[in-house]
Amino acid sequence: MGNFIRPLSDAVAYVASDDLWIESDATRQLLNTARLPGMTRVVGMPDLHPGRGYPVGAAFFSVNHFYPALVGNDIGCGMGLWQTSLQSRKVNLDKLEKRAQSYSDAAPPEWLEAALPPTLAAHPYAASLGSVGGGNHFAELQQVESVYDDEAVSALGINAKQLLLLAHSGSRGLGQQILRAHVERFSHSGLEEGSDAANDYLAQHNDALTFAVANRALIARRLLEHFREEGERLLDVNHNLVEPYVFNGQPGWLHRKGATPASCGPVVIPGSRGDYSYLVQPLNSGDALDSLAHGAGRKWMRTECKGRLSGKFSPAQLARTPLGSRVICRDRQLIYEEAPQAYKSIESVMECLTGAGLVKPLARLKPVLTLKTSGERSE
DNA sequence: ATGTCC
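Not measured: the values here are computed from a predicted model. (Residues numbered from 1 in each chain as written. Chains lettered and ligands numbered in written order. Predicted model: local features only at pLDDT ≥ 70, side-chain atom pairs only at ≥ 80, totals over all residues. Heavy atoms only, no water.)

Below, the discussion takes up the nonpolar core. Taken as a class, soluble globular proteins show a tendency for nonpolar side chains to be buried jointly. Residues Leu-30, Ile-269, Leu-289, Leu-292, Ile-346, Leu-353 and Leu-358 are the most contacted members of the largest nonpolar core, which totals 61 residues. Apart from residues lying up to four places away in sequence, Leu-30 is in contact with Leu-8, Val-12, Ala-13, Tyr-14, Val-42, Gly-44, Leu-48, Pro-55, Ala-58 and Phe-60. Listed in part, the 26 residues of the second largest apolar core include Val-71, Leu-116, Leu-129 and Leu-202. (Core = buried A, V, L, I, M, F, W, Y, C linked by side-chain atoms within 4.5 Å. Buried < 20%, exposed > 50% of the residue type's maximum accessible area, 1.4 Å probe, protein only. Contact = heavy atoms within 4.5 Å.)

The next point concerns the packing of helix H7 (residues 172-186) against helix H8 (residues 196-226). For any two helices packed against each other, the geometry comes down to the angle between their axes and how far apart the axes lie. In contact at an axis separation of 9 Å, H7 and H8 are set at 165° when each is read in the N-to-C sense. Here H7 lies roughly antiparallel to H8, going by the angle between them. Relative to H8, H7 is oriented so that their crossing is left-handed. Where H7 approaches H8, its residues Arg-172, Leu-174, Ile-178 and Phe-186 are matched on the opposing element by Ala-197, Tyr-201, Gln-204, His-205, Asp-207, Ala-208, Phe-211 and Asn-215. (Axes fitted to C-alpha atoms, helices over the stretch in contact; angles between N-to-C directions. Helix = DSSP H or I, 4+ residues; strand = E, 2+ residues; numbered from the N terminus. Parallel < 35°, antiparallel > 145°, perpendicular 65-115°, else oblique. Left-handed = near helix turned anticlockwise from the far one by under 90°.)

This part takes up the pairing of strand S8 (residues 162-169). Most of S8 is tucked away: eight of the eight residues are buried. The pairing of strand S6 (residues 78-87) with S8 spans seven bridges and is classified as antiparallel. Paired with Gln-83 across the strands is Leu-164, a residue of S8. When strand S7 (residues 138-147) meets S8, the two strands line up antiparallel, connected through five bridges. Paired with Phe-138 across the bridge in S8 is His-168. (Pairing = 2+ DSSP bridges.)

This paragraph deals with the pattern of salt bridges. With the rule as written, the count across this model stands at 14 salt bridges. Between Asp-149 and Lys-360 there is a salt bridge, with the nearest N and O atoms lying 2.8 Å from each other. With Asp-149 in the loop between S7 and helix H6 (150-155) and Lys-360 in strand S18 (residues 359-372), this pair connects stretches of sequence that are 211 residues apart. Classification of Asp-149 as buried rests on a relative accessible area of 19%. For Lys-360, a relative accessible area of 36% corresponds to the partly exposed category. Glu-338 is the salt-bridge partner of Arg-298, the closest N and O atoms lying 3.3 Å from each other. Of the two residues, Arg-298 sits in the loop between strand S16 (291-293) and helix H9 (302-309) while Glu-338 sits in the loop between helix H11 (332-337) and helix H12 (346-355), which places them 40 residues apart along the sequence. Classification of Arg-298 as buried rests on a relative accessible area of 10%. (Salt bridge = Lys/Arg side-chain N within 4 Å of Asp/Glu carboxyl O.)

In this section: the protein's contact with DNA strand B. Neighbouring residues of DNA strand B: 13 residues in total, closest Asn-73, Tyr-125, Gly-134, Asn-136 and Gly-173. The share of sugar and phosphate among atoms of DNA strand B within 4 Å of the protein is 59%. Within the side chain of Asn-73, a nitrogen or oxygen atom sits 2.9 Å from a base nitrogen of DNA strand B. Here a phosphate oxygen of DNA strand B and a backbone polar atom of Gly-173 are 2.5 Å apart. Here the surface near DNA strand B gets three residues from one element, more than from any other, and that element is H7. Grouping the constituent residues of the surface near DNA strand B by class yields two nonpolar, eight polar and three charged. (Near = heavy atom within 4 Å. Polar contact = N/O pair within 3.5 Å; in protein donor to acceptor, adjacent residues only side chain to side chain. Nonpolar A, V, L, I, M, F, W, Y, C, P; charged D, E, K, R; others polar.)

Take H7 next. Its 15 residues place the ends of H7 22 Å apart at the C-alpha level, agreeing with the 21 Å of an ideal helix rising 1.5 Å per residue. Those residues of H7 that are buried are in contact with helix H2 (68-71), strand S9 (191-192) and H8. Of the residues trailing H7, Ser-187 is marked for its positive phi of about 50°. (Expected span 1.5 Å × (residues − 1).)

Next up on the list: the environment of Gly-307. Here Gly-307 lies in helix H9. Sequence separation between Gly-307 and Pro-50 is 257 residues; the distance between their C-alpha atoms is 19 Å.

Dropping the structure here:
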C-alpha cells in the first residue's frame, strides 16, 4: 500500500506507481505550492500534471488561510452522471453522430428562458448555462462495458443495457470573473479565515458551485431533449473548490484542484475520449485527503499537441477513436489538444488508485460519442 | 479554463 502513496517531504505525498507518467515539473509545482504559508498537507493524485503556477490533480490542506488563486478560475468544475433511456444495442453510431452534428453548445435564449427557474434566469451569467465550454470539458455518451459489482451498480440506479451520459463542465465565465476580481485586489496571497474578504470570496465561490451543478444539469437536459430521450441524474461532484476540512483533528481548508472527493459516494474517473472510464466506490482515504484523481491527466502540454499529431492524423481521423467512439468537435485546435495521445492511460491511473487502496472499481464504461461543440478557432 | 485580445 505505502508503495503507492509516496512521500516527497514531511507534508507532501503523491499517489503513483513505477508505470505512471509524472512530469518533474508537476512534482516541483506540488512542492512549491506546499510552501505557501499555512499549508500543512499536500497530496498529488495519479493524474497530476503541470498547471499555470499550481499543479492540477492534487489536494491542498491549509490552516488559518486559504488560497482562491489555487482553486483557479473554474470554480465548481466537476462531473455529473446521468442514466439515459438510450438502449445500447439499438444505437446506430452513424445516425447518433449525425444527430449530434446539429447540436450547438450555446443554449438558445428562448430555451433558457423557458427552462431556467427565476433565481437562475436573473443571474448575470445565465446565458452560459447549459453549455459545455472549451478546454477539457465534454459531454459523453458511454456504454457500460463491464460490471464488477452488480449490487452496487444497481443500487446507484444504473441500467447496464442503456447508455450513460457523463458531463464534465464548470461555472464557465462566472468562476473566471470571481478569480479575476480576487486577484486584482489580493494577487495570489491567501485570505485570512473569518475576514470580510474571505467571507465575501466564499459567498461568490459557493454561488459558482451552485451555478456549475445547475450548468451540468442543463447540459444533460438539453442533450437528452436533442436526442428525444429521458434521463435521470445518478451523481454529481465538484473537483475544483475550497471547503472546510479537518485533517488530523485540526480544522482548516481543503483546496481541490482537480481532486475528486472520496466522501460523496461512487464517482466516475474518466479516461481520455479514446479510453475507458471507471465507476468506482471510494474507500477510506484520510492519508490522501479524501481525494481521488479527476481523470487520466494530461501527458502532453496543450501547446505541443498539434505539432506532435498533425503530421500523423487529420482532424477527421481523430474524430474516431481506438475504442470505436466518435468525437464531435468544431474547434480544430481542440481536436489535437484533447486527443487520447495527449493523456495518460486510465489503466495506469487506476492501478495507482486501487494499489493505494483508495477505490474499488464498480464498472468500466466505454465511450460512444464525445461532444465538444465549441465554435471555430483559427490558430 | 474564459460572453477568450478586435
